[in-house]
Amino acid sequence: MVVVRLKNVSKRFGKVVAVDDVTLEIKEGEFFTFLGPSGCGKTTTLRIIAGLEYPDKGRIFFDDEDVTDVPPYKRNTGMVFQNYALWPHMTVFENISYGLKIRGYSKHEIKKKVDEVLELVQLKGLENRYPTQLSGGQQQRVALARALVIEPKVLLLDEPLSNLDARLRVEMREELKRLQKELKITTIYVTHDQEEALVISDRIAVMRQGRIMQVGEPDEVYRRPKNLFVATFLGRCSLIEGKVVDVDKDLVTIAIDHIRIKGVLPDKDMKLRKGEEAYAVLKPEDFALRIDDPSKANEFTGTVEWLFFVGPFNQIRLGLGRISILVNVEPWFTPSLKSKVTVYIPYEYVIILPKKEQEVCQET
Amino acid sequence: MNLNIKLIKRELDPLTVTQLIIVGLILGAFLVLPVSFMILRAFFHKGSLSLYYFESLVAGGDFIKTKPETSWIELVRTPQGEILIIGRKGPDFGIFLNTLFVSTMVMIFATTLGVLAAFIMARYEFPGKNFFKVILLIPMLATPFVNAFVLGKVLAVNGLVNYLLYETLKILPFKIWVTGLPALILIQTLSLYPIVYLNAYSSFINIDPSLEEQAENLGAKGLKLFLTITLPLALPGISAGAALVFIFSMEDLGAPIGLSGAFGSGLHEKILSFRIYDEFRKGIGSIEQVHASTYAMAVVMLIIALAIFLLIKKYVTLKSYAMLSKGGRWKPRVRRLGVKGLVPIYVFLIILALSASFPQFGVVVLAFTDWAMSKLPSKVTLEHISALLVNREVFRAILNSLIYSSVATLIMLLVGTSAAYVVARRKIPGRDLIDALSTLPIAIPGIIVAVGYLLFFATYFSQTPLDPFFNPGLLLIFSYSVRRLPFTARTVFAGFQQVHESLEEAALNLGADRAKVFFTIALPLIISNVISGGILSFVYSMNEVSTSITLSNLNPNQGPITFYMSQVIYASAAVGTVSVAAALGVLLIVAQILAISVSNYILKQRVAFLGV
Ligand SMILES: Nc1ncnc2c1ncn2[C@@H]1O[C@H](COP(=O)(O)OP(=O)(O)O)[C@@H](O)[C@H]1O
Ligand SMILES: [Mg+2]
């Protein structure tokens, strides 16, 4: 169990900047996730930590030891590859025991440790199978067992669930989380699936084009996105662009036409002044049809332009003149098209972001 | 800069350094140095750089004839009747142009035949297709010298064709005799067309059918479709095959020597490869006796071969050669034919198959009958085959071949695997050089390697085990290792390419250093490629002609099979009969069939292989 620190790490491949000046500290025993669209540099970052790629600039530390120039086979990290990378010419047992043999354990110890880890990942009895004789989920567990059995300082997981079907993915992510808590091992996880990241992580780093856009606990990055990219990457939202008309302590009001939207800045260091351009980020699930204290919420009345049945809830596109917003409502609420509906959203749920230097997530 | 040094230092782990040393040492000492030394020698006259030897070549008048002889047919009246002689007086443009002429014609004919056959086999379904699939490849089974001798037996004045068509059936108004350059072109075309055929075939079946269907959908069909879509898509494969045919034709010694054995000297000897060989054969005893203009000849030949090789490599990477072709990833477009279509196809295929495979069948007949001594085979005998074991000289030649080829195969595997791994996995400067060097031997005519060895090792390693006058066998081992390296290197490289790098990274991650990763993960995963490449390399080493016959001259006791065969067929030495050479040819055929079957079985894939 170690603290992993990245200091100003950069890596380019030809013209592509895969990792761009990343500085991070991953705490002991933490479940840390790199989240971002594909191609944003997650895998490269993970591989730099494993030593499979060397950074052009910057340093990597395990606790206080600078491991930047340590070759991968001396780093004692346990990596699970996206494609599992199980050796087809070895049985499950041989795959898992490989790292132990290298470390010079006796036959007896190897047997014991492999048995233990097989128990842990619930694969007992499959020792003599070859990887091709296993299902996707089983292969995934073997890959995990192979990484865990060497008791690595850090567990590195590169989209380990992306090759599984949807149901298995949900089961496995809970199991992963359980295992990680049980073993208390520092874990670095890579995924492009925001839901997965939110469910499984202690902290998340949202990445974009090699840069870290925001680091924080799941509810923090979800509730308090510090930029439009994070806001739009984590779930759907309505973006309303307007001019700041009022700043009152923490509360900022922006206006577009006659509509006023009041919300909060995600960060204390952020400042907005009257007359500046800004965005309001409105998440559809934060709206309600009724509210206890209307004095602390925005109230919007509009016409129903469209109604979507999503399942657990209904989604309405509500027209407010030139703009429209997405609103989730209870599944029993089915207003007819063109009818008037009033919805509320508390000020504290509305995030106001300065317009300068903001970019929207194009992916997903 | 600082960064680069760090990167190189990281990439140069002990395994990589060892592999680089192995590759550098073998390729450096047994390819680059000897050949470079020979090139230098050709450019030095009386201690200074000069084109003297090249000028004297041209001035000699025999190199490029000022008055080329172009009449190539003559009708001669003899007591036994009229004979139509093709190729005796001409064409003859001088050694240099003859070489280009022969290779160009062989390339054109082989490409035409190969592409046509490949297209038929790839795109039509007809009864007996599988039979033709096998029979069309028979010419790839090399039987050096003897196949040309068989051609002589068949096409000579008293040969089989005249016996059948003139004497017996009386269809021909005169006898026919094909000799000289036309005979060379004929025999080389027949033995080399399968290279184009195989490449064209795999190109055709690897064309995504939807590409052709789209064109049809837009209204193209028949010849138009072929010329606008199919051919252009297959062109890289076909042209690479054609280029190899050119190079192999130019370096071939088996055909000219075999023809000399059958017809005596003639214009078929007036080509570069034979001339160089002959100079060295005559110059036995001391390297000083060899006139330096011979080196100039070799340089000319090398330049042509390299130019063609580099041109084609620029156009298509030769990487796809000696490599696995994964037949039919999709269902290829195959059409059934009506009777009207079947007839021309059968006529073409039967004529091609018969004429292309008769040398191999002839070799078998020679080996098992008394045909060598008589006009027609009259009795079956096992005496020649048994000579392989009984005749001490023959047996020694077999043993020599086996030893040289085995050791060479081990060296090839070592060098080939090392080179392939470095090229496939390491990011170091000079990687492209290693890649080029391990493919280059395909383009270097064997006779040039032989000349380079003679010159270099006789000059600098005199009185050592590497002295060609004392110990040509050892040099043959290295010459095989280098000349057949592309087979191993390419097959192994193809293997590494198919292994996902993450499999090796997973082992690195678990604590295995690079050497361990190589031996426990990378190598076991591609072991079937290694074995298969090894088997093919072994057999192609047994077939090696150019260096075998040139170097062994210096110490015949160390001569391998092909040397013995050349002696029997060509040289005056009465060491044995042609029938025994044919028996050796049968031995080689069997070895090749076995090797190809085993390696196909191991790889469970068709191996596109290169003959010669
Ligand atoms: N070995 C490599 N060579 C060249 N480009 C690479 C290599 N690895 C990654 N890249 C590029 O770097 C960027 C980041 O890749 P990656 O780290 O794999 O992203 P992610 O895992 O987030 O999808 C991509 O643009 C990718 O194309
Ligand atoms: Mg990735």
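Predicted model only: the values in this text are computed from it and were never measured.

Colleague: Tell me about the overall build of chain A, residues and numbers included.
Modeller: Scanning chain A from N- to C-terminus turns up eight helices and 19 strands. The principal-axis extents of the C-alpha atoms in chain A amount to approximately 75 × 45 × 35 Å. Buried residues in chain A amount to 54% of all 364 residues. Summarising the internal contacts of chain A: among those between residues at least 6 apart in sequence, 67% fall at separations of at least 24.

Colleague: Account for the sheet that holds strand β4 (residues 81-86) of chain B, with residues named and values stated.
Modeller: Residue and element names in this part refer to chain B. Within the open sheet, the three strands sit side by side as β3-β4-β6. Their pairing is mixed. Of all strands in the sheet, those with a lone pairing partner are β3 (73-78) and β6 (175-178), marking the two edges. Direction aside, neighbouring strands of the sheet carry axes that sit 25 degrees apart on average. Along the sheet face, helix α7 (residues 160-168) touches β4 and β6 and points at about 160 degrees away from the line of β6.

Colleague: Before we move on, could you go through helix α5 (residues 166-183) of chain A and cite the residues and values that matter?
Modeller: All names here are of chain A. Spanning 18 residues, α5 covers 26 Å between terminal C-alpha atoms, matching the ideal 26 Å at 1.5 Å per step. Turning to α5, its buried residues number three or more, namely M172, R173, E175, L176, K177, L179 and Q180. Where α5 is buried, its residues contact β3 (31-35), α3 (107-120), α4 (136-148), β7 (154-158), β8 (186-191) and α6 (194-200). After α5 finishes, the residue K184 shows a positive phi value of roughly 50 degrees.

Colleague: Can you lay out the domain arrangement of chain B for me, pointing to particular residues and giving the numbers?
Modeller: Residue and element names in this part refer to chain B. The domains assigned to chain B are domain 1 (2-50 + 386-603) and domain 2 (53-381). With 55 residues of domain 1 at the interface, the matching set in domain 2 holds 58 residues. Between domain 1 and domain 2, roughly 4800 Å² of surface is buried when both sides are summed, and carbon and sulfur atoms account for 78% of that area. It is I442, I569 and Y570 that lose the most area in domain 1 upon contact with domain 2, and together they represent 14% of the buried surface on that side.

Colleague: Any chance you could break down the pairing of strand β18 (residues 340-346) of chain A for me, citing the residues and the numbers?
Modeller: Residue and element names in this part refer to chain A. Most of β18 is tucked away: five of the seven residues are buried. Sheet topology places strand β15 (residues 297-309) next to β18; seven bridges connect them, and they run antiparallel. When the sheet's bridge partners are listed, F300 is paired in β18 with V343.

Colleague: Outline the packing of aromatic side chains, supporting the account with residue identities and numerical values.
Modeller: Under the counting rule described, the total for this entry stands at 29 aromatic pairs over all chains. Between F31 of chain A and Y189 of chain A, the ring centres sit 5.5 Å apart and the planes meet at 45 degrees, which makes this aromatic pair tilted. You can see F31 of chain A sitting in strand β3 and its partner Y189 of chain A sitting in strand β8, a full 158 residues away along the chain. Judged by centre distance (5.6 Å) and plane angle (70 degrees), the rings of F131 of chain B and F132 of chain B are edge-to-face. Among the residues examined, F131 of chain B registers a relative accessible area of 52% and is labelled exposed. Joined through ring pairs, the aromatic side chains of F30, F37, Y453, F456, F457, Y460, F461 and F478 of chain B make up one cluster. It is K283 of chain A that lies over the ring of Y222 of chain A; its NZ or CZ is 4.0 Å from the centre.

Colleague: If you had to explain the layout of surface pockets to someone new, which residues and values would you point to?
Modeller: Here the idea is plain: a probe the size of a water molecule rolls over the atoms and shows the empty space left. The computed volume of the largest pocket comes to approximately 830 Å³. Lining of the largest pocket is provided by 37 residues; of these, L52 and Y54 of chain A together with R10, E11 and R514 of chain B occupy positions nearest its centre. Of all elements in the fold, only β1 (4-13) and β4 (57-62) of chain A together with α1 (2-11), α16 (392-425), α21 (501-509) and α22 (514-525) of chain B reach the threshold of two or more residues within the lining of the largest pocket. Per-element accounting of the lining of the largest pocket gives the leading share, seven residues, to α1 of chain B.

Colleague: I'd like to hear about the packing of helix α18 (residues 446-460) of chain B against helix α19 (residues 472-483) of chain B, residue by residue, with values.
Modeller: Helix-helix packing is characterised by the crossing angle of the two axes and by the distance between the axes. All names here are of chain B. The interhelical angle for the contact between α18 and α19, taken along N-to-C directions, is 140 degrees, at an axis separation of 11 Å. Between α18 and α19, the interaxial angle falls into the category oblique. Note that α18 runs across α19; the crossing there is right-handed. Here G446, V449, Y453 and F457 of α18 lie close against α19, whose contacting residues are L475, F478, S479, V482 and R483. Here the residues of the contact of α18 with α19 are counted per class, giving six nonpolar, two polar and one charged.

Colleague: Please set out the pattern of salt bridges residue by residue, giving values where relevant.
Modeller: As enumerated under the stated definition, the model contains 34 salt bridges over all chains in all. We note a salt bridge from K113 of chain A to E151 of chain A, for which the minimum N-O separation is 3.0 Å. Residue K113 of chain A is found in helix α3, and its partner E151 of chain A is found in the loop between α4 and β7; the two are separated by 38 residues along the sequence. Across the pair E504 of chain B and R425 of chain B runs a salt bridge, and its minimum N-O distance is 3.0 Å. Residue E504 of chain B is located in helix α21, and its partner R425 of chain B is located in helix α16; the two are separated by 79 residues in the primary sequence. With respect to class, E504 of chain B is no different from R425 of chain B; both count as buried.

Colleague: Please set out the site of ligand 1 residue by residue, giving values where relevant.
Modeller: Residues and elements named next belong to chain A. Within the structure, ligand 1 sits among F13, V16, A18, P37, S38, G39, C40, G41, K42, T43 and T44. T43 has a polar side-chain atom sitting 2.5 Å from an oxygen atom of ligand 1. Take T44: an N or O atom from its side chain is 2.5 Å from an oxygen atom of ligand 1. Coverage of ligand 1 by the protein chains reaches 59% of its 560 Å² of free accessible surface. Among the secondary structure elements, those contributing two or more residues to the shell around ligand 1 are β2 (16-26) and α1 (42-50). A per-element tally of the shell around ligand 1 places α1 first, with three residues.

Colleague: Before we move on, can you summarise the interface of chain B and chain A with the specific residues and values?
Modeller: If you look at the interface, chain B gives 22 residues, while chain A gives 26 residues. Taken over both partners, the interface formed by chain B and chain A buries close to 2000 Å², and the fraction arising from carbon and sulfur atoms is 62%. Ranking the residues of chain B by area buried against chain A places R10, N509 and L510 of chain B at the top, with a combined share of 34%. Our count for the contact surface shared by chain B and chain A stands at one salt bridge. The salt bridge involving R47 of chain A is made with E505 of chain B; its shortest N-O contact spans 2.6 Å. For the interface between chain B and chain A, the tally reads nine residue pairs in polar contact (both at pLDDT 80 or more). Elements with a minimum of two residues in the side of chain B that touches chain A: α1, α21 and α22 of chain B. Grouping the amino acids of the side of chain B that touches chain A by side-chain chemistry returns eleven nonpolar, five polar and six charged.

Colleague: Report on the side chain of R514 of chain B, specifying residues and quantitative values.
Modeller: Inspection of the secondary structure assignment puts R514 of chain B in helix α22. The class for R514 of chain B is buried, based on a relative accessible area of 17%. If we skip the residues at most four places from it in the chain, R514 of chain B touches Y73 of chain A together with R10, E11, D13, L15, R426 and L508 of chain B.

Colleague: Hey, could you go over the sheet that holds β3 of chain A for me, with residue numbers and the actual values?
Modeller: Residues and elements named next belong to chain A. The sheet built from six strands is open, its strands ordered β6-β7-β8-β3-β9-β10 with mixed pairing. Two strands in the sheet have a free side with no partner beyond their single neighbour: β6 (77-80) and β10 (211-216). Along the sheet, successive strands turn relative to each other by an average axial angle of 15 degrees, direction set aside. In this sheet, β10 lies alongside strand β9 (residues 203-208) in antiparallel orientation, the contact comprising five bridges. Bridging from a neighbouring strand, A205 pairs with V215 of β10.

Colleague: Account for helix α11 (residues 254-263) of chain B, with residues named and values stated.
Modeller: All names here are of chain B. In terms of burial, α11 is a largely internal element, eight of the ten residues being buried. For α11, the full list of buried residues reads G254, A255, P256, I257, G258, L259, S260 and F263. The inward-facing, buried residues of α11 abut α6 (146-155), β6, α8 (180-205), α12 (272-282), α24 (546-552) and α25 (561-569). Looking one or two residues past α11, G264 carries a phi angle of roughly 80 degrees, positive in sign.

Colleague: Give me the lowdown on a nonpolar patch on the surface, citing residues and values where you can.
Modeller: Residue and element names in this part refer to chain B. Together, L389, V390, F395, L399, L402, I403 and V407 give the surface a local cluster of nonpolar side chains, amounting to about 620 Å² of exposed area. Secondary-structure elements contributing two or more residues to the nonpolar patch are α15 (383-390) and α16. If one sorts the elements of the nonpolar patch by residue count, α16 sits on top with five residues. Examined against the element boundaries, I403 turns out to sit in helix α16.

Criteria and cut-off values
- Residues numbered from 1 in each chain as written.
- Chains lettered and ligands numbered in written order.
- Predicted model: local features only at pLDDT ≥ 70, side-chain atom pairs only at ≥ 80, totals over all residues.
- Heavy atoms only, no water.
- Helix = DSSP H or I, 4+ residues; strand = E, 2+ residues; numbered from the N terminus.
- Buried < 20%, exposed > 50% of the residue type's maximum accessible area, 1.4 Å probe, protein only.
- Contact = heavy atoms within 4.5 Å.
- Pairing = 2+ DSSP bridges.
- Axes fitted to C-alpha atoms, helices over the stretch in contact; angles between N-to-C directions.
- Expected span 1.5 Å × (residues − 1).
- Domains from an automatic or database assignment.
- Buried area = accessible area lost by both parts, 1.4 Å probe.
- Phe/Tyr/Trp six-rings, centres within 6.5 Å; stacked < 30°, edge-to-face > 60°.
- Lys NZ or Arg CZ within 6 Å of the ring centre and 35° of its normal.
- 1 Å grid on protein atoms, 1.4 Å probe; cavity = no way out; pocket = protein on both sides within 12 Å on 5 of 7 lines; lining within 4 Å.
- Points joined across faces, edges and corners; volume = space filled by probe spheres on them.
- Parallel < 35°, antiparallel > 145°, perpendicular 65-115°, else oblique.
- Left-handed = near helix turned anticlockwise from the far one by under 90°.
- Nonpolar A, V, L, I, M, F, W, Y, C, P; charged D, E, K, R; others polar.
- Salt bridge = Lys/Arg side-chain N within 4 Å of Asp/Glu carboxyl O.
- Near = heavy atom within 4 Å.
- Polar contact = N/O pair within 3.5 Å; in protein donor to acceptor, adjacent residues only side chain to side chain.
- Areas by Shrake-Rupley, 256 points an atom, 1.4 Å probe, with all protein chains shown as cover.
- Patch = residues over 30% accessible without salt bridge, like charges linked within 9 Å, V, L, I, M, F, W, Y side chains within 5 Å.

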